[in-house]
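Here's the letter readout for the chains.
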Amino acid sequence: MIPRRLLVIALVVAALVATTVDAAAGRVASPPLAPSALSAEFPAGWEGFHTYAEMTADIDAVVAAAAVAHPGIIRKFSIGRSYQGRELWAVKISDNVDVDETEPEVLFDGLHHAREHMALEMTLAIMHWLVDGYGSDSTITNLVNTREIWIVFNVNPDGGEYDISGGRYHFWRKNRQPTPGSTSIGTDLNRNYDNHWGCCGGSSSNPASNLYRGPARFSAPETRAIRDFVNSRVINGRQQIRTAITFHTSGRLILWAYGYTRTDIPPDMTSADHAVTVAMAKAMATRNGYKPEQASDLYIDSGTERDWEYGRHRIFAYTFELTPGGEYPDDSTIGPETRRNKSAVLYLIDKAACPYAVIGQAQAYCGPLWDDFETSRGWTVNPNGTDTATSGRWERGNPSATSKNGARQLGTTTSGSVDLVTGRLAGSLVNSNDVDGGTTTVRSPDFTLPAGGTYAVRFRYYFSHGSTSDSRDALRVKIIGDDASVTTLFQELGRPRDDPAAWATANLTIPASFVGSTSHLLVSASDGGPANLIEAGVDDVSVMRVGP
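First, a word on what this report is: a plain description of the structure on this page. (Residues numbered from 1 in each chain as written. Predicted model: local features only at pLDDT ≥ 70, side-chain atom pairs only at ≥ 80, totals over all residues. Heavy atoms only, no water.)

Focus: the overall build of the chain
Within the chain one finds 12 helices and 26 strands. What you see for the chain is a C-alpha radius of gyration of 26 Å, in line with the 24 Å of a compact globule of 548 residues. Taking the principal axes of its C-alpha atoms as reference, the chain extends roughly 85 × 55 × 45 Å. Among the 548 residues that make up the chain, the fraction classed as buried is 57%. Pairs at least 24 residues apart make up 78% of the contacts formed inside the chain by residues separated by at least 6 positions. When the accessible area of the chain is evaluated, it comes to approximately 20800 Å², of which 52% is carbon and sulfur surface. Each charge class in the chain can be summarised by its mean position, and for the 49 positive and 61 negative side chains these summaries are 2 Å apart. (Helix = DSSP H or I, 4+ residues; strand = E, 2+ residues; numbered from the N terminus. Rg over C-alpha atoms; globule rule 2.2 N^0.38 Å. Buried < 20%, exposed > 50% of the residue type's maximum accessible area, 1.4 Å probe, protein only. Contact = heavy atoms within 4.5 Å. Areas by Shrake-Rupley, 256 points an atom, 1.4 Å probe, with all protein chains shown as cover. Lys, Arg positive; Asp, Glu negative; His and termini not counted. Charge placed at Lys NZ, Arg CZ, Asp CG, Glu CD.)

Written out as structure tokens, the structure reads:
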């Protein structure tokens, strides 16, 4: 057998005369750095950990073996480059790996922090479990056949290589990017994401600090690469990645969002999402023996990948803190530590199909369409370019409360802090931003109603008007098919009486003629009379299967 070090040298030399096509980004990845720049070695007793070159060789070997044993289940690509130019290698694992299928997606990544080398071993272990077990392990085979799984192995290759340069440890945490106006090197990548960046403690503005958050949000090329990749998985307005784990060390912990606040359910989280997050963390903890807790229970942090993935994309994202403690566990711990997480990892992949099922809410949240408007999921204002309203157009936002003889625009939503509202700001007068001059419309993303079932749409709403209103004022919800067929599912008309705002629930059956095809919802609010006081809001829209 060829020694691993000699095999790596051979592979690196071969790579210098070749290029790798990045099929995901449509570009050609540059050759790796010269061998002199890849001379990092782990100290004696730690040789079982992978250097960057060894990691690359391992990935290539798995991809090559799979091409023979199970063609089409793994593809290697780069999501970008580090500050020093190293490719940020990733793989996609799925049964039709070159096809972007409508399957639940899962993301794993490792080594945000340079000295946390076990995190890289964890990502490599997941790749091996899924590829090596395909075709022989029924659970793994089923998961690979029904999911799209992404693994970014090494987010911080520059820092990782520097940490072991010269065959000794440097206790390095950050990347290797110089800070403008400073002699200090490096940004803490896991404080550089833009969700609550620098807001609340747990990071530093001092470039010399190990917790330096960088001069700006996403100032590091490595975090920008993660951002751009995750953003690219938003298809037709909807994030396809549903669950994620970022691996760190140490402490054997499972941490959930948020880290920026000690409040269990802050305004930018819904109670349902919190229940799902906690339930899944506890379920994984029963499988690996780790301690589950909110990230801020350990300590306050801000600008983390985990908080960004949930806060911006509503991905159920977790931080796994591997190993029981200590900066550098020896390589005898790699196998036991990674294997103890196998069941938890497979659980997370499985639950990506419908995370809300763990709280018994699969029907409401995992049907053809669900939107609580906490993130942008592809609704379009004035989709046909025919709106006539001069003010109070639909928008997604945190609404201001207004009142006149009772509530007019509600400042509270039915979940989280954001809804779909007509003119969310209050203005100087009660009618400053209400609907005036005609109609404002907003269109949902397309959704498909699979044949063989009956479906309904449920949503929360209010429609408020003054005493001069009449039937020309209205809130309507229509369903429109891909054949341009239209049915009005709901309408509330104005009447010549004062009607303050109050949240109500609509449950409406979708006609059978729309089943088996693609449709969308169109919500409209109209002020058809002489500048009446009109306000409307919509929240928690669910299109769901209700029967056979």
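Next comes the rest of the account.
Things to note about helix α3 (residues 118-132)
The end-to-end C-alpha distance of α3 is 20 Å, a good match for the 21 Å that 15 residues give at a rise of 1.5 Å each. Counting buried residues in α3 gives 13 out of 15 residues, a clear majority hidden from the surface. (Expected span 1.5 Å × (residues − 1).)

Examining the packing of helix α2 (residues 52-69) against α3
Where α2 meets α3, the axes come as close as 11 Å, and the angle between the chain directions of the two elements is 5 degrees. In terms of their interaxial angle, α2 and α3 are classed as roughly parallel. Every residue of α3 that contacts α2 at Met55, Asp58, Ile59, Val62 and Ala66 is listed here: Leu120, Leu124, Met127, His128 and Val131. Here the residues of the contact of α2 with α3 are counted per class, giving eight nonpolar, one polar and one charged. (Axes fitted to C-alpha atoms, helices over the stretch in contact; angles between N-to-C directions. Parallel < 35°, antiparallel > 145°, perpendicular 65-115°, else oblique. Nonpolar A, V, L, I, M, F, W, Y, C, P; charged D, E, K, R; others polar.)

Details of the nonpolar core
Nonpolar side chains in soluble globular proteins tend to end up buried together. Core analysis: the largest hydrophobic core is formed by 66 residues, its most contacted members being Ile93, Phe108, Met127, Phe247, Tyr318 and Phe320. For this core, the element with the most residues is α3, which contributes 11 residues. In this view, phenylalanine 320 contacts Ile245, Thr246, Phe247, His248, Leu253, Ile254, Met284, Asn288, Tyr290, Asn341 and Ala344; residues no more than four positions away in its chain are not counted. (Core = buried A, V, L, I, M, F, W, Y, C linked by side-chain atoms within 4.5 Å.)

Quick notes on the packing of aromatic side chains
Counting across every chain of the model gives 26 aromatic pairs. Seen in terms of ring centroids, tyrosine 462 and tryptophan 503 are 5.0 Å apart; in terms of plane orientation they differ by 80 degrees. Their pairing is edge-to-face. Of this pair, tyrosine 462 sits in strand β21 (residues 454-465) while tryptophan 503 sits in the loop between β23 (486-493) and β24 (504-509), placing them 41 residues apart in sequence. Neither tyrosine 462 nor tryptophan 503 differs from the other in exposure class; each is buried. Feature note: the residues Tyr258, Tyr260, Tyr310, Phe316, Tyr356, Tyr365 and Trp370 constitute an aromatic cluster, connected by ring pairs. When the ring centre of tryptophan 89 is taken as origin, the NZ or CZ atom of lysine 76, which lies over that ring, is 3.8 Å away. (Phe/Tyr/Trp six-rings, centres within 6.5 Å; stacked < 30°, edge-to-face > 60°. Lys NZ or Arg CZ within 6 Å of the ring centre and 35° of its normal.)

A short note on the sheet that holds strand β3 (residues 74-81)
One open sheet holds the eight strands; their spatial order is β3-β4-β6-β5-β9-β12-β10-β11, and the pairing between them is mixed. Edge positions in the sheet fall to β3 and β11 (291-294), since each has one partner strand and no second. The sheet shows a mean angle of 20 degrees between the axes of neighbouring strands, direction not considered. Bridging between strand β5 (residues 105-110) and strand β9 (residues 241-249) involves six bridges; their strand directions are parallel. Within β9, the residue paired with valine 106 across the bridge is threonine 243. Lying on the sheet, α2 is in contact with β3 and β4 (87-93); it crosses β3 at an angle near 150 degrees. Along the sheet, helix α11 (residues 342-351) makes contact with β5, β6 (148-152), β9 and β12 (316-322), crossing β5 at roughly 145 degrees. (Pairing = 2+ DSSP bridges.)

Describing the side chain of histidine 313
Positionally, histidine 313 belongs in helix α9 (residues 305-313). Judged by its relative accessible area of 11%, histidine 313 falls in the buried class. A polar contact of 2.8 Å, which involves the side chain of histidine 313, links it to the side chain of asparagine 231. Looking at histidine 313, its side chain comes within polar contact range of the side chain of glutamine 239, at 2.9 Å. (Polar contact = N/O pair within 3.5 Å; in protein donor to acceptor, adjacent residues only side chain to side chain.)

What to know about the side chain of threonine 441
Turning to its location among the elements, threonine 441 is positioned in strand β19 (residues 439-443). Its relative accessible area of 11% is what places threonine 441 among the buried residues. A polar contact of 2.7 Å, which involves the side chain of threonine 441, links it to the side chain of aspartate 387. Setting aside anything within four residues of it in sequence, one finds threonine 441 in contact with Thr380, Val381, Asn382, Pro383, Asp387, Trp394, Leu522, Val523 and Ser524.

Examining the pattern of salt bridges
Side chains that carry opposite charge are capable of pairing whenever their charged atoms lie near each other. In total, this model carries 26 salt bridges according to the counting rule given. The partner of arginine 312 in a salt bridge is aspartate 194, and the shortest N-O contact between them spans 3.2 Å. With arginine 312 in helix α9 and aspartate 194 in the loop between α5 (157-163) and α6 (221-232), this residue pair connects regions lying 118 residues apart in the sequence. Ionic pairing is found between glutamate 395 and arginine 424, a salt bridge with its closest N-O pair at 3.5 Å. Note that glutamate 395 is positioned in strand β15 (residues 394-397) and arginine 424 in the loop between β18 (419-422) and β19, a separation of 29 residues in sequence. Residue class for arginine 424 comes out partly exposed when judged on its relative accessible area of 28%. Residues joined by salt bridges that share partners form a network here, namely Lys92, Asp100, Glu105, Glu148 and Arg233. (Salt bridge = Lys/Arg side-chain N within 4 Å of Asp/Glu carboxyl O.)

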